[in-house]
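Breakdown of the fold
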Amino acid sequence: MTPATAHGPMAPVPYRVTDRHAETADTVTLALEPVEAAVPEPVPGQFTMMYVFGIGEAPISVSRVGPFRAVRGSRPARGRGPVLEQTVRAVGAVTRAVCGTRPGRVVGLRGPFGTGWGLDEARGCDLVLAAGGIGLAPLRPVVLRALSDRSAFGRISVLIGARTPDDLLFTSELDTWRAKGAQVEVTVDRPTPGWAGHVGLITALAGSVEVDPARAAAFICGPEVMMRLTAEALIGLGMCPADIRLSLERNMHCGLGWCGHCQLGPLLLCRDGPVLPYERAVPLMTVREL
Amino acid sequence: MEETNSVTAGALAEERFFAGMPEPHRAALAAIAVVVAAPAGHRFFEEGDQAQRFWLLRSGKVALDLQVPGRGAVVVETLPASSMLGWSWLFPPHRWRFGAVAAAPVTAFRFDGRGVRELCAADLRLGHDLLLRFGAVMLDRLEATRVRMLDLYAHPEELR
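Not measured: the values here are computed from a predicted model. (Residues numbered from 1 in each chain as written. Chains lettered and ligands numbered in written order. Predicted model: local features only at pLDDT ≥ 70, side-chain atom pairs only at ≥ 80, totals over all residues. Heavy atoms only, no water.)

1. Overview of the overall build of chain B
Along its length, chain B carries 4 helices and 7 strands. Helices and strands appear in chain B in the N-to-C order β-α-α-β-β-β-β-β-β-α-α. At 17 Å, chain B has a C-alpha radius of gyration in line with the 15 Å of a compact globule built from 160 residues. Considered along the principal axes of its C-alpha atoms, chain B spans approximately 55 × 30 × 30 Å. Out of the 160 residues belonging to chain B, those deemed buried represent 45%. Of the contacts formed within chain B by residues at least 6 apart in sequence, a portion of 77% connects residues at least 24 apart. Looking at chain B as shown, the accessible area adds up to about 8,200 Å², and 56% of this sits on carbon and sulfur atoms. (Helix = DSSP H or I, 4+ residues; strand = E, 2+ residues; numbered from the N terminus. Rg over C-alpha atoms; globule rule 2.2 N^0.38 Å. Buried < 20%, exposed > 50% of the residue type's maximum accessible area, 1.4 Å probe, protein only. Contact = heavy atoms within 4.5 Å. Areas by Shrake-Rupley, 256 points an atom, 1.4 Å probe, with all protein chains shown as cover.)

2. Brief notes about the pattern of salt bridges
Side chains carrying opposite charge are able to pair once their charged atoms draw close together. Residue and element names in this part refer to chain A. Under the criterion given, the structure shown has 19 salt bridges over all chains. With a shortest N-O distance of 2.5 Å, R250 and E224 are connected by a salt bridge. With a gap of 26 residues between them, R250 in the loop between strand 12 (244-247) and strand 13 (263-264) and E224 in helix 5 (residues 224-236) connect regions that are remote in the sequence. Residue R250 is classed as partly exposed on the basis of its relative accessible area, which comes to 25%. Overall, the relative accessible area of 22% leaves E224 in the partly exposed class. (Salt bridge = Lys/Arg side-chain N within 4 Å of Asp/Glu carboxyl O.)

3. Some details on the sheet that holds strand 6 (residues 106-113) of chain A
All names here are of chain A. Reading around the barrel, the 6 strands line up as 1-2-5-4-3-6 and close back on themselves, with antiparallel pairing between neighbours. Taking each pair of neighbouring strands and ignoring which way they run, the sheet shows an average axis angle of 45°. Two elements, strand 1 (residues 13-22) and strand 6, share 4 bridges in a ladder whose sense is antiparallel. Bridge pairing links Y15 to V107 in strand 6. Running at roughly 20° to strand 4 (residues 56-66), helix 2 (residues 136-148) makes contact with strand 4 and strand 5 (83-89) of the sheet. (Pairing = 2+ DSSP bridges. Axes fitted to C-alpha atoms, helices over the stretch in contact; angles between N-to-C directions.)

4. Side note on the environment of L64 of chain B
Residue and element names in this part refer to chain B. Along the chain, L64 turns up in strand 4 (residues 53-68). With a relative accessible area of 13%, L64 lands in the buried category. For the pair L64 and V74, spaced 10 residues apart in sequence, the C-alpha to C-alpha distance is 8.3 Å. Not counting chain neighbours up to four residues away, the residues in contact with L64 comprise V74, V75, V76, E77, L79, L85, G99 and A100.

5. Some words on the side chain of Q52 of chain B
Residue and element names in this part refer to chain B. Topologically, Q52 is positioned in the loop between strand 3 (43-45) and strand 4. Since its relative accessible area comes to 18%, Q52 is described here as buried. For Q52, the side chain forms a polar contact with the side chain of Q50, separated by 3.2 Å. With sequence-adjacent residues up to four places away left out, Q52 is seen in contact with W89, H94, W96, F111, D112, G113, R114 and R117. (Polar contact = N/O pair within 3.5 Å; in protein donor to acceptor, adjacent residues only side chain to side chain.)

6. A short note on helix 3 (residues 113-122) of chain B
Residues and elements named next belong to chain B. Buried within helix 3 are the following residues: G113, G115, V116 and C120. Projected down its long axis, helix 3 carries its buried residues within an arc of 155°, all on one side. Turned more than 90 degrees away from the buried face of helix 3, the exposed residues are E118, A121 and A122. (Arc of directions from axis to C-beta.)

Dropping the structure here:
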């Protein structure tokens, strides 16, 4: 569906940065509120195209949608829309500019775009949420929404993999998630001195997940190899492939399925993805040079 | 380490590692297993020591480590609940290649490796079955190690 804004879906909507939190050395979460009109409220799993004026646009994960939270004396923009938190890793010119954006600056948002995780379809099920690296950003809204509606879901397991302990996102929230009833397991590839958590690939955590495989939904986001192997591990536990969804990433550009930059076989991921059923995603992920 | 009681074939049937194993084989293995509990920090074995036991972790977490000069015991992998700990008992010269320490309080089924080798020698079907099961564990760990070598979470600029 094409997002409707007053000036069309290609016109960025001004949002003011109200807070900036450095999650890691190269990853930042920005809190954004609308200057005037707001974009439609994203559902968990969707992304926006964020425009840093004079630099360019990049697709950025929405990592929280919620009411205004006062940060360092900031004030809401007359309640014109929920605050969006978006988490971005500096990997190129635009994302470096996004990461460097300070509170008070205005950026442009288009969207939200893409398919969501389909959390409502998983009501009544156990949830397994597996995130690798920056992949936790688009899964955070799922965690927050599921924990705020706790009785609607069975057991909630959050599996997190990262390169090192210093690369973990949202670390200040993990104990809160546990206190609200989620099983949160964290593993790193490379421990640093003092790290007391798991060491190893995220797939090793799948065996300790408390889940009824016949009544569970899994959402996975991270590097493609990590997603494929994690999904296979969950299938090995007895989960049905149809209950597993992955979030794929390609070169999102227009967000509307017009330009074709994000084509993956028969799909345009900005429109048909980024979230796809496992059975639809995996055959495409395993084709070389697709 | 505290030993509490003996193990039944039924208890082994609840563990994924033993899924589908014929009851007589499970019973034979259960007869030479005990339930153990270990506090965090308990060292199961040291690199180079004789390897004559293995453990199926029921709860807790065990860190596999290697002594690195100048760095001490470096953790290379942790094993969560449901993991099998130890396979050096199966292969000559029966010496541990890594160390293992409880990273959290652990409960486990502990098996006598020499006894299991004798069972396998006397019953080749059991030996074949068990070897395939340990082979699957090794395959998973090898795959995980190789994937970690890909450094999937690295910053793109580091990979250029």
